[in-house]
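Summary of structural features
The residues making up each chain are set out below.
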Amino acid sequence: MDLSREESWMLLFGLCTDTGFFKHLEANSSFALSMAADLSTQEISLKEIHTKIYSGKALESRILLGKTLESTESLFGGRILFTYETLSDYKTFGPAARDSDRVYELLQGVRDCMGVIFFRQEGESTVSLGLRSNHGLDMGSLSRKYGGGGHEKAASFQFSGKTAEIRKILIQELEKLLESGE
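Residues numbered from 1 in each chain as written. Predicted model: local features only at pLDDT ≥ 70, side-chain atom pairs only at ≥ 80, totals over all residues. Heavy atoms only, no water.

Here we take up the overall build of the chain. Looking only at helices and strands, the chain features eight helices and six strands. Along its sequence from the N terminus, the chain presents helices and strands in the succession α-α-α-α-β-β-α-α-β-β-α-β-β-α. Seen through its principal axes, the chain has C-alpha atoms that stretch 55 × 40 × 30 Å. Every one of the 182 residues in the chain was classed for burial, and the buried ones make up 39%. Residue pairs in contact within the chain that sit at least 24 positions apart in sequence constitute 58% of those at least 6 positions apart. About 10,500 Å² of surface is accessible on the chain, with carbon and sulfur atoms providing 52% of the total. The positive charge centre, built from 21 side chains, and the negative charge centre, built from 26, are 5 Å apart in the chain. (Helix = DSSP H or I, 4+ residues; strand = E, 2+ residues; numbered from the N terminus. Buried < 20%, exposed > 50% of the residue type's maximum accessible area, 1.4 Å probe, protein only. Contact = heavy atoms within 4.5 Å. Areas by Shrake-Rupley, 256 points an atom, 1.4 Å probe, with all protein chains shown as cover. Lys, Arg positive; Asp, Glu negative; His and termini not counted. Charge placed at Lys NZ, Arg CZ, Asp CG, Glu CD.)

Before going further, it helps to spend a moment on the side chain of Glu85. Take Glu85: it is sitting in strand E2 (residues 80-85). Among the polar contacts made by the side chain of Glu85, one reaches the side chain of Arg120 at a distance of 3.2 Å. (Polar contact = N/O pair within 3.5 Å; in protein donor to acceptor, adjacent residues only side chain to side chain.)

Look at helix H4 (residues 59-70): 17 Å from first C-alpha to last across 12 residues, which is about the 16 Å you get at 1.5 Å a residue. Buried within H4 we find Ser61, Leu64, Leu65 and Thr68. Buried positions in H4, seen along its axis, are confined to an arc of 105° and lie on one side of it. For H4, the exposed residues lying more than 90 degrees away from the buried face are Leu59 and Glu70. Lining the buried residues of H4 we find E2, helix H5 (87-93), helix H6 (100-108) and strand E3 (115-123). (Expected span 1.5 Å × (residues − 1). Arc of directions from axis to C-beta.)

Within the fold, Ser61 resides in helix H4. Look at Ser61 and you get buried, because its relative accessible area is 3%. At 2.7 Å, the side chain of Ser61 and the backbone oxygen of Ala58 are in polar contact.

Between H4 and H6, the least distance of the axes is 10 Å, while the angle of their chain directions is 40°. Considering their axes alone, H4 and H6 lie oblique with respect to each other. Crossing of H4 over H6 shows right-handed handedness. Side by side, H4 and H6 meet where Arg62, Leu65, Thr68 and Leu69 of the first sit next to Arg102, Val103, Leu106 and Leu107 of the second. Looking at the contact of H4 with H6, its residues break down into five nonpolar, one polar and two charged. (Axes fitted to C-alpha atoms, helices over the stretch in contact; angles between N-to-C directions. Parallel < 35°, antiparallel > 145°, perpendicular 65-115°, else oblique. Left-handed = near helix turned anticlockwise from the far one by under 90°. Nonpolar A, V, L, I, M, F, W, Y, C, P; charged D, E, K, R; others polar.)

Any functional reading would require information beyond the geometric quantities listed.
Right, here's the structure in full:
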């Protein structure tokens, strides 16, 4: 294809974000790497793309990241890590301070972690849940059960109800998911 530099930059940016800057690639991923090489022939700097994705964050986003990491709980012997942002966090820091990808990246790197659940209180009775899997837990099936979407390794959905009730249901669902995945 005959692409402009801007089109190549956007496609390479998308490839970098979708692959977690290539860290989520499995064996036999030469096509994605070949595509990245082809796209970068127009003097596109991977360093520039990396900087655009991971730098330039407001201090508030890093403070919120610290609070989110500090709130993390280990469930099922550390196989699931559960973290959350409260409605107060949302009101204090705002949506621009959220950095979900960094939260997932850091928590998925914890030894023995099979999955991460990111619970965000969006309103008085509404939460959004982000789910990530490291080792074959099908987070997409759990998400679809509650009207969400995604795939085995990354999924999300929204839930209405009281926070404690939602948490209880989620823990029961995760227990079933872990049992079926063993």
